[in-house]
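One letter stands for each residue in the lines below.
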Amino acid sequence: MMTIKTSNLGFPRLGRKREWKKAIEGYWSKKLDLDTLHQQLTDLHKENLLLQKNYNLSSIPVGDFSLYDHILDTSLLFNIIPERFQGRDIDDDLLFDIARGNKEHVASALIKWFNTNYHYIVPEWDHAEPKLNHNVLLERFNYAKSLNVNAHPVIVGPITFVKLSKGGDQSFEEKVNTLLPLYKEVLQSLKEAGAEYIQIDEPALVTDDSADYEAITQAAYEYFAEAGLENHIVIQTYFERVNLQFLNSLPVKGLGLDFVHDHNFNLEQIKAGDFDKNKTLYAGIIDGRNVWAADIEAKKELIDTLQNYTNDLVIQPSASLLHVPVSLDDETLEESIAEGLSFATEKLDELDALRRLFNDNDAEKYNQLKARYERFQNQSFKNLEYDFDSVRTSRQSAFKTRKQAQDKRLNLPDLPTTTIGSFPQSQEVRKYRADWKNDRISDENYQSFLNNEIARWIKIQEDIGLDVLVHGEFERNDMVEFFGEKLQGFLVTKFGWVQSYGSRAVKPPIIYGDVKWAEPLTVKETLYAQSLTDKPVKGMLTGPVTILNWSFERVDLPREEVQDQIALAINEEVLALENEGIQIIQVDEPALREGLPLRSEYHEDYLNKSVHSFKLATSSVADETQIHTHMCYSQFGQIIHAIYDLDADVISIETSRSHGDLIKDFEDITYDLGIGLGVYDIHSPRIPTESEVTEAIHRALQEIDRSLFWVNPDCGLKTRKEDEVVEALSVLVNAVDKLRKSTNTATV
Ligand code: GLN
Ligand code: ZN
């Protein structure tokens, strides 16, 4: 029997109580000086390393810890500095300025890391002069050594790094070739410092177009092999399957494969004999992206199988644990639910249980985890009955008929104006919410504060002259967490934070059981707002696709079933609002685009199921009730048909950043449903000028029928200041007023 090793790909940097965030934000706001920042971060790094050491891993990653983002670290290491920031010392202040922008220069772009909710800083090649800067990775490796931690350095590989970067005149191959000698030097320094192997992350090799990079990938890794690094490199992939035959041909020590999110193809390829037994197999068998306790028995069986195909097996999470919270230890959860969960440290414990079982014939921990898993699966909160078929999945009438009924009822002017839902979450709003949550103020006190805020903003909207009003979403901390707190089957943790970008963390709710609507979620605030005005107030809900995408989802049921359970709950709320006389209901789906699977072969299925759930949530209303939806973050081209299939009476979308590209997407099909294009960018404090707004409307009206067109900002206004919002919306309304008065619409 061979010995099994255990390892890890990366650990959350945030710390158990978000110490990381507090430290770097403390430095930004000048509460901490640089030395104190370094001291605090070193302490946290140490804590992370020692915490992992408790689980008897054969090797612990370094290079995952970072001051902001590990891709940005790599850019600095290789001197890929955005042109506007060049000429400065390579130090932490430069790093933060590139990440966040400063007075003179805009920040580098943030883009989602594959299909996760982590965002990396996009490397910029324009006039970059690649060379090796201070070798932070070596420093971190030596630091781990000084703590007696057996560590392996982690670095993003040249193929993935170049693929994720932008700018520069060089070809893809030229960029890789420029970097290779620099990589070589870093790898050699690590080898000399005693690194047994270096984990080179190449998730680019799991994407649809990975075949395009095979030649250059081969050249790169042969180059490293020629430099004597063959036995010190592990190519690590995750999030999807690879072309194993190809990867197997590369001269490296081992390959890291994902056996959780690979749709079973990695295993199939292994079984087909595509893996060279003499290579080390780094098998990602524990889900690194979700919070569920592993089905430990199934994992044992997987190990049994994998052992037949390699002489050297290392088991590990399927991806960096960056995507999950640190530990359950700090939560106070009911045991029946806690049993089903597994955060970063608990995942390492699962690996340890398997290691003990296989290597030491010690089944104690394994049996415990197995019993816990089985108990959790049999919980009653996981076995409710649903009657999906009793709920409509398409509206009673076609859009044209609905529109007539709605126009008659709502009687809105030409080019109706509205907003996307939220108004500024001022310090005061946040303070009241926190005080109420921590029982520092009474329910009545809180409710009367909310009502005042709603009343104030109804008046502001009326004074500005908007046509369709909103209550402002002051009671919501986050558009998903709010619903997670109120729906059955969801759990909101205390410290379950994961990094989204920079110091920004999110706390996704956990869907642990069957989802059920138990009582109205939004009716009180919406009705109160409506009672104050003769203008229609839009009900404001988050859609099933977005709620699922921004939660930790169940994996013991098919995804679509969980999504449809949420859809039924939202449908109840839609009907509750309609029943109380609310005439317009918006169901936001900003996450629809980003949930698109990595591989295009799964797109259609994903989109069909998304459309189905959205329609399940929204089709039961009467013709005269107007359903809106909202999406942001653009790039709609690929999904435009699905957007049309949602059959929402009105969609509002973010446009101003894509400068008309988006309008083109809508031009490519005949989009003959209501549509509101964002006419100004809400991410910036800048107030748009009237002519900018007029211009944006004119441009849109060249493609879109005026009778279908709405005017609105790009997205919700919760991050803006009150005076900015009032000013910008006034500009918007004034621009529309003038357009309405210009009788000669033919010139539009
Ligand atoms: N209704 C939400 C808001 O206005 C929509 C947010 C979003 O699209 N991300 O805040
Ligand atoms: Zn939005």
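Only a predicted model underlies this, so the values are computations on that prediction, with no experimental measurement involved.

Caption draft 1: Representation of the sheet that holds strand β19 (residues 674-678) in the model. One open sheet holds the six strands; their spatial order is β15-β16-β17-β18-β19-β20, and the pairing between them is parallel. Edge positions in the sheet fall to β15 (538-542) and β20 (709-712), since each has one partner strand and no second. Strand after strand, the sheet turns through a mean of 20° between neighbouring axes, direction not considered.

Caption draft 2: How the structure looks around the site of ligand 1. All residues in the neighbourhood of ligand 1 are listed as Ile420, Gly421, Ser422, Glu473, Met479, Met540, Asp588, Pro590, His630, Cys632, Cys715 and Gly716. Side-chain polar atom of Asp588 to a nitrogen atom of ligand 1: 2.6 Å apart, as the coordinates give it. His630 is positioned with one of its side-chain polar atoms (N or O) 3.0 Å from an oxygen atom of ligand 1. The protein chains hide 93% of the 300 Å² of surface that ligand 1 would expose on its own. Of the residues in the shell around ligand 1, the class split is six nonpolar, four polar and two charged.

Caption draft 3: Focus on the sheet that holds strand β7 (residues 233-236). With parallel pairing, eight strands are arranged side by side in an open sheet as β1-β10-β9-β8-β7-β6-β5-β2. Among the strands making up the open sheet, the edge pair consists of β1 (5-6) and β2 (60-62). As defined by bridge partners, β7 adjoins strand β8 (residues 254-258) across three bridges and the pair is classed as parallel. Residue pairing in the sheet places Ile235 in a bridge with Leu255 of β8. Each of β1, β9 (280-286) and β10 (312-317) is contacted by helix α13 (residues 344-360), which is oriented at about 120° to β9, the strand it contacts most.

Caption draft 4: Fine view of helix α2 (residues 34-53). Taking 1.5 Å per residue as the helical rise, α2 with its 20 residues ought to reach 28 Å, and the 28 Å between its terminal C-alpha atoms agrees with that figure. Along α2, the residues that are buried comprise Leu37, Leu41, Leu44, His45, Asn48, Leu49, Leu51 and Gln52. The arc enclosing the buried residues of α2, seen along the axis, measures out at 160°, which places them on a common side. Each element contacted by the buried residues of α2 is listed here: α1 (19-28), β2, α4 (92-100), α5 (136-146) and α13.

Caption draft 5: Layout of the pairing of strand β5 (residues 151-156). Judged by how many residues are buried, β5 sits mostly within the fold: six of six residues are covered. Of the two faces of β5, the one carrying Ala151, Pro153 and Ile155 and the one carrying His152, Val154 and Val156 are both buried. Inspection of the sheet shows β2 paired to β5 by three bridges, in the parallel sense. Looking across to β5, one finds that Ile60 is bridged to Ala151.

Caption draft 6: Region of interest: the coordination of the zinc ion (ligand 2). For the zinc ion (ligand 2), every protein donor is listed as His630 (NE2), Cys632 (SG) and Cys715 (SG), and the spread of their distances is 2.0 to 2.3 Å. Between the four donor atoms coordinating the zinc ion (ligand 2), the angles at the centre fall across 90 to 121°, so the site counts as tetrahedral. Written as a sequence motif, the donor arrangement for the zinc ion (ligand 2) is H-x1-C-x82-C. Taken together, the residues span a long stretch of sequence, with His630 in strand β17 (residues 626-631) and Cys715 in the loop between β20 and α26 (722-741) at a distance of 85 residues. Taking relative accessible area as the criterion, Cys715 reaches 17% and is therefore assigned buried.

Caption draft 7: Highlighting the UniProt feature "binding site: Zn(2+) 1" (unreviewed entry) in the protein. Under the local residue numbering, the UniProt record ascribes the feature "binding site: Zn(2+) 1" (unreviewed entry) to His630, Cys632, His641, Asp645, Glu654 and Cys715. Mapped onto the secondary structure, Cys632 falls in the loop between β17 and α23 (640-645). Among all residues touching Cys632, those that are not within four sequence positions of it are Pro590, Glu654 and Cys715. Inspection of the secondary structure assignment puts Glu654 in the loop between β18 (650-653) and α24 (661-668).

Caption draft 8: Fine view of the packing of α5 against helix α7 (residues 172-192). As a packed pair, α5 and α7 sit with axes 10 Å apart at the nearest point and diverge in direction by 15°. By the angle class used here, α5 and α7 are roughly parallel. Crossing handedness for the pair α5 and α7: right-handed. Residue-level contacts link Leu137, Leu138 and Phe141 of α5 to Val186, Ser189 and Leu190 of α7. A breakdown of the residues in the contact of α5 with α7 according to their chemical character gives five nonpolar, one polar and no charged.

Caption draft 9: Region of the structure containing the environment of Glu695. Structurally, Glu695 can be placed in helix α25 (residues 690-701). A sequence separation of 13 residues divides Glu695 from Ile682, and the C-alpha atoms of the two residues are 17 Å apart.

Caption draft 10: Spotlight on empty space enclosed by the protein. This model, assessed by the stated rule, comprises five cavities of 30 Å³ or more. By volume, the largest cavity is sized at about 40 Å³. Every residue lining the largest cavity is listed: Tyr680, Ser684, Pro685, Arg686, Ile687, Leu717, Arg720, Glu724, Val725 and Ala728. By residue class, the composition of the lining of the largest cavity is six nonpolar, one polar and three charged.

Caption draft 11: Broad picture of the environment of Thr3. Within the secondary structure, Thr3 sits in the segment before β1. Residue Thr3 is classed as exposed on the basis of its relative accessible area of 55%. Taking the C-alpha atoms as reference, Thr3 lies 9.3 Å from Asn311; in sequence the two are 308 residues apart. Excluding anything up to four places from it in sequence, Thr3 contacts Leu313 and Asn359.

Caption draft 12: Seen up close, the UniProt feature "active site" (unreviewed entry) in the protein. UniProt records the feature "active site" (unreviewed entry) at His683, using the numbering of this structure. Here His683 shows up in the loop between β19 and α25. Among the residues examined, His683 registers a relative accessible area of 39% and is labelled partly exposed.

Caption draft 13: Examining the packing of aromatic side chains more closely. One pass over the structure, following the stated rule, counts 22 aromatic pairs. Taking the centre distance of 5.9 Å and the plane angle of 75° together, the rings of Trp113 and Tyr120 count as edge-to-face. For the pair Trp113 and Tyr120, one class covers both residues: buried. Taking the centre distance of 4.9 Å and the plane angle of 80° together, the rings of Phe381 and Tyr512 count as edge-to-face. With Phe381 in the loop between α14 (364-377) and α15 (399-410) and Tyr512 in strand β14 (residues 510-516), this residue pair connects regions lying 131 residues apart in the sequence. Of the two residues, Phe381 and Tyr512, both sit in the buried class.

Rules of the game
- Residues numbered from 1 in each chain as written.
- Chains lettered and ligands numbered in written order.
- Predicted model: local features only at pLDDT ≥ 70, side-chain atom pairs only at ≥ 80, totals over all residues.
- Heavy atoms only, no water.
- Pairing = 2+ DSSP bridges.
- Helix = DSSP H or I, 4+ residues; strand = E, 2+ residues; numbered from the N terminus.
- Axes fitted to C-alpha atoms, helices over the stretch in contact; angles between N-to-C directions.
- Near = heavy atom within 4 Å.
- Polar contact = N/O pair within 3.5 Å; in protein donor to acceptor, adjacent residues only side chain to side chain.
- Areas by Shrake-Rupley, 256 points an atom, 1.4 Å probe, with all protein chains shown as cover.
- Nonpolar A, V, L, I, M, F, W, Y, C, P; charged D, E, K, R; others polar.
- Contact = heavy atoms within 4.5 Å.
- Expected span 1.5 Å × (residues − 1).
- Buried < 20%, exposed > 50% of the residue type's maximum accessible area, 1.4 Å probe, protein only.
- Arc of directions from axis to C-beta.
- Donors = N, O, S within 2.8 Å, 3.2 Å for Na, K, Ca; no water.
- Tetrahedral: all angles 85-135°; square planar, octahedral: opposite > 155°, others 65-115°.
- UniProt positions renumbered as here; feature names shortened; annotations may be inferred.
- Parallel < 35°, antiparallel > 145°, perpendicular 65-115°, else oblique.
- Left-handed = near helix turned anticlockwise from the far one by under 90°.
- 1 Å grid on protein atoms, 1.4 Å probe; cavity = no way out; pocket = protein on both sides within 12 Å on 5 of 7 lines; lining within 4 Å.
- Points joined across faces, edges and corners; volume = space filled by probe spheres on them.
- Phe/Tyr/Trp six-rings, centres within 6.5 Å; stacked < 30°, edge-to-face > 60°.

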